[in-house]
Amino acid sequence: MRDLDALTTSAPTKDGRTVRAFNPLSRNDRMLFEVLLAGEYVRHGFTNRDVRQKLGLTAYPLAPDEDRQPGQVTRLFRRLHAHGLIAKIQALAPLARFPGRSTDHVHRDQAQRSCLPR
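Described in the following lines is the structure provided in the data block. Everything quoted here is computed from the prediction, not taken from an experiment.

## Focus on helix α2 (residues 27–36)
- For α2, the set of buried residues is Asp-29, Met-31, Leu-32, Phe-33, Val-35 and Leu-36.
- Capping the start of α2 is the job of one residue whose side-chain oxygen sits 3.4 Å from the backbone nitrogen of Asn-28: Ser-26.

## Quick look at the side chain of Gln-69
- Structurally, the position occupied by Gln-69 is in helix α4 (residues 69–82).
- A polar side-chain atom of Gln-69 sits 2.8 Å from the main-chain carbonyl oxygen of Ala-63.
- For Gln-69, the contacting residues outside a window of four places in its chain are Arg-52, Leu-62 and Ala-63.

## Points about the packing of α2 against helix α3 (residues 48–56)
- The interhelical angle for the contact between α2 and α3, taken along N-to-C directions, is 125°, at an axis separation of 10 Å. Considered as vectors, α2 and α3 are oriented oblique to each other. In this structure, α2 crosses over α3, and the sense of that crossing is right-handed. Residue-level contacts link Met-31, Leu-32, Val-35 and Leu-36 of α2 to Val-51, Lys-54 and Leu-55 of α3.
- Its residues placed into classes, the contact of α2 with α3 shows six nonpolar, no polar and one charged.

Definitions and limits used
Residues numbered from 1 in each chain as written. Predicted model: local features only at pLDDT ≥ 70, side-chain atom pairs only at ≥ 80, totals over all residues. Heavy atoms only, no water. Buried < 20%, exposed > 50% of the residue type's maximum accessible area, 1.4 Å probe, protein only. Helix = DSSP H or I, 4+ residues; strand = E, 2+ residues; numbered from the N terminus. Polar contact = N/O pair within 3.5 Å; in protein donor to acceptor, adjacent residues only side chain to side chain. Contact = heavy atoms within 4.5 Å. Axes fitted to C-alpha atoms, helices over the stretch in contact; angles between N-to-C directions. Parallel < 35°, antiparallel > 145°, perpendicular 65-115°, else oblique. Left-handed = near helix turned anticlockwise from the far one by under 90°. Nonpolar A, V, L, I, M, F, W, Y, C, P; charged D, E, K, R; others polar.

No statement about biological role is implied by the geometric values presented.
Set out below in structure tokens:
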């Protein structure tokens, strides 16, 4: 219940501003969560472009001007991050940097570090 309260109240960002709360019953917030929890982002995380493309396939109200959409999704990410729902993860090093070295441990570590905080 405490987690739901945290989600449905405004949250502060690192710079002291507050971000709007989420409403799990809202159609727009539900579509956003469905896109992020689809499962295809578990292994490698997601990017602004990934989320924009998926939200564009739904009825989510993205800006009609495509130049404004990246900023809109960035603000969604800021809200999600302020509420502790997503976290930034480091990218894998390119495999070319380690010729002849097995990368099994890298992929295993990456799978353990999901884009959602623990």
